[in-house]
Structures are given as structure tokens and as C-alpha cells.
Amino acid sequence: MINIITLDGERVAMALLRDVTYQRELEDRLTLESLTDEMTGFYNRKHFNARLEAQHSGFVRSGLPTSVIMFDFDHFKRINDQYGHAGGDLVLINAARMVQKELRPLDVGCRIGGEEFAIILPNTQLHSAVAFAERIRQLIETMEFTLDDFSFHATVTMGVASFASTDTSYDSLMKRADEALYVAR
Ligand SMILES: Nc1nc2c(ncn2[C@@H]2O[C@H](COP(=O)(O)OP(=O)(O)OP(=O)(O)O)[C@@H](O)[C@H]2O)c(=O)[nH]1
């Protein structure tokens, strides 16, 4: 804002400038926090739904493929019972960290439930997504989790699906991935 003021009888212009960098950074941080899971740093279910809906629109418009990998830790309750909640948390945090390292820049890793994760893979056909899911599954299987004097392993069940021309919304893809998850058990 520029004001004209009189100083010592002279008319001068005075500009008021406000540095909003801090405010912008704070707003960006709050937005990011509302979209991410604090424990793993992955995006939360809200962001997952929004991104998948956007990917579905892209698919309808231009036919760009998108696949989704869902995975769920097997018998997670048993891990909590045997190694405590800290043991369960350790599995979720370390597995998410490992998966994050395997993702390409456009991929979106999300924690969509307690021990349930999903990865959105833009521009990825089903067969590539299946190969990637299998690699992740094996990597998790070989991870060793250590807490106090105990070492243990965890396994996941995966489901993979891609958008199809018959999909009326992103929900249809989720249903297929869920069914695949179920069949794999
Ligand atoms: N440690 C820890 N446990 C969690 C968290 N969120 C959810 N859980 C636990 O995850 C367990 C999920 O239990 P279920 O849905 O029965 O799943 P499950 O034991 O893996 O059984 P299946 O899915 O049939 O293999 C519950 O015991 C929850 O308490 C979390 O953030 N940390």
C-alpha cells in the first residue's frame, strides 16, 4: 500500500511492506499436516481419495493409466500382542520408510488405515504395478525388526488394480484392489 504523506512540509510517498514468508510457510505446513500421517510421514486417507479421484478424471479425459497397490499387514494384532504397541509401530514406520525409498517421484504412498497402506502409481499399467507390488512384498518379508532383545519379521497381503473403461468412479478400482487383497489371503 502506498500513502502520500507530508514530512517537513514536503509531500512524500510512504510504502508499507509486510514480509509474508513466515505466514505462507506456516499455511503450507498446516496444509501438509492435514494431509499426512504423523507416524509414517505417508499421505493420509483424505489425500489418497482426493488424488485417486484426480487420477480417475485424468484417465477419463486422456486414457492415462493409473494403478493402485494396496497392502495390509498379516495378523498385525498378533505383532502388537507379542511385541507391544511399540513393536507394531516400529513395523509400520520402518516398512513405510523402506517403501518410500522405492517410489518414483510421481508415486504417492499413503497410510489409509491402521495397518493398511496404498500406493498410487500414475502412468503405470497393471503388469508393471503387479511386478512392483511383488518386489515390495518380498522386501517387507525380508526386513528384520528389532525391539529390545527381540527380532521378528512381518508379512503383507497385497492387492493391485488399474482403472478400466467401465469404472464410473475411483471407488470401482478400490473395490477390485480390495477383492484382489481378499483373494490373495
Ligand atoms: N501398533 C499399532 N497398532 C495399530 C495401529 N493402528 C491399528 N493398529 C492395530 O492393528 C490391528 C488390526 O487388527 P485387525 O484388523 O484384526 O487385523 P489383523 O490382526 O492384521 O488381522 P488380519 O487382517 O485378518 O490378518 C489392531 O490390533 C489395531 O490395534 C498403530 O498405529 N500402531
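In short, a report on the structure. (Residues numbered from 1 in each chain as written. Predicted model: local features only at pLDDT ≥ 70, side-chain atom pairs only at ≥ 80, totals over all residues. Heavy atoms only, no water.)

1. Some details on a nonpolar patch on the surface
- Among the surface-exposed residues, M1, M14 and L16 lie close enough to one another that they form a single nonpolar patch of about 330 Å² accessible area.
- Residue position: M14 is located in strand β2 (residues 10-15). (Patch = residues over 30% accessible without salt bridge, like charges linked within 9 Å, V, L, I, M, F, W, Y side chains within 5 Å. Areas by Shrake-Rupley, 256 points an atom, 1.4 Å probe, with all protein chains shown as cover. Salt bridge = Lys/Arg side-chain N within 4 Å of Asp/Glu carboxyl O. Helix = DSSP H or I, 4+ residues; strand = E, 2+ residues; numbered from the N terminus.)

2. Some remarks on the site of the ligand
- As a structural note, the neighbourhood of the ligand is formed by 16 residues, with H75, F76, N80, D89 and R111 the closest of them.
- Within the backbone of F73, one N or O atom sits 3.1 Å away from an oxygen atom of the ligand.
- Within the contact set of the ligand, an oxygen atom lies 3.3 Å away from a side-chain nitrogen or oxygen of E115.
- Relative to its unbound accessible area of 660 Å², the ligand is 64% covered by the protein chains. (Near = heavy atom within 4 Å. Polar contact = N/O pair within 3.5 Å; in protein donor to acceptor, adjacent residues only side chain to side chain.)

3. Focus on the packing of aromatic side chains
- With the rule as written, the count across this model stands at nine aromatic pairs.
- Taking 5.8 Å as the distance between ring centres and 35° as the angle between the ring planes, the aromatic pair formed by F145 and F152 counts as tilted. Neither F145 nor F152 differs from the other in exposure class; each is buried.
- Taken together, the ring pairs connect F42, F71, F73, F76 and F117 into an aromatic cluster. (Phe/Tyr/Trp six-rings, centres within 6.5 Å; stacked < 30°, edge-to-face > 60°. Buried < 20%, exposed > 50% of the residue type's maximum accessible area, 1.4 Å probe, protein only.)

4. Here we look at the pairing of strand β4 (residues 108-111)
- Of the two faces of β4, the one holding V108 and C110 and the one holding G109 and R111 are both buried throughout.
- As paired elements, β4 and strand β5 (residues 116-122) share four bridges and run antiparallel to each other. Each residue of the ladder has a partner; that of C110, found in β5, is A118.
- Remark: four residues form the turn of the hairpin made by β4 and β5, two consecutive strands paired antiparallel. (Pairing = 2+ DSSP bridges.)

5. Topic: the sheet that holds strand β8 (residues 156-162)
- What the four strands build is an open sheet, ordered β4-β5-β3-β8; its pairing is antiparallel. In this open sheet, the two edge strands, each paired with only one partner strand, are β4 and β8. With strand direction ignored, the average angle separating the axes of adjacent strands in the sheet is 15°.
- Across seven bridges, strand β3 (residues 66-73) lies against β5 in antiparallel orientation. When the sheet's bridge partners are listed, F71 is paired in β5 with F117.
- Contacting β3, β4 and β5, helix α2 (residues 45-62) runs over the sheet at an angle of about 30° to β5.
- Where helix α4 (residues 126-142) meets the sheet, its contacts fall on β3, β5 and β8, and the angle it forms with β8 comes to roughly 165°. (Axes fitted to C-alpha atoms, helices over the stretch in contact; angles between N-to-C directions. Contact = heavy atoms within 4.5 Å.)

6. Here we look at the side chain of R111
- Assignment of secondary structure puts R111 in strand β4.
- Under the relative-accessibility criterion, R111 is labelled buried at 17%.
- A distance of 3.2 Å separates a polar atom in the side chain of R111 from a polar atom in the side chain of D37.
- If sequence neighbours within four positions are ignored, R111 has contacts with D37, M39, T40, F42, Y43, N44, R45, L92, E116 and F117.

7. Describing the nonpolar core
- The biggest cluster of nonpolar side chains holds 29 residues, and the ones touching the most others in it are I69, F71, F73, V91, V99, I119 and I140.
- Secondary structure elements with two or more residues in this core: β3, α3 (76-102), β5, α4, β6 (145-147) and β8.
- When residues in this core are grouped by element, the largest group, eight residues, is from α3.
- Contact partners of F71, with chain neighbours within four places excluded, come to V99, E115, E116, F117, I119, I140, V156, T157, M158 and L181. (Core = buried A, V, L, I, M, F, W, Y, C linked by side-chain atoms within 4.5 Å.)

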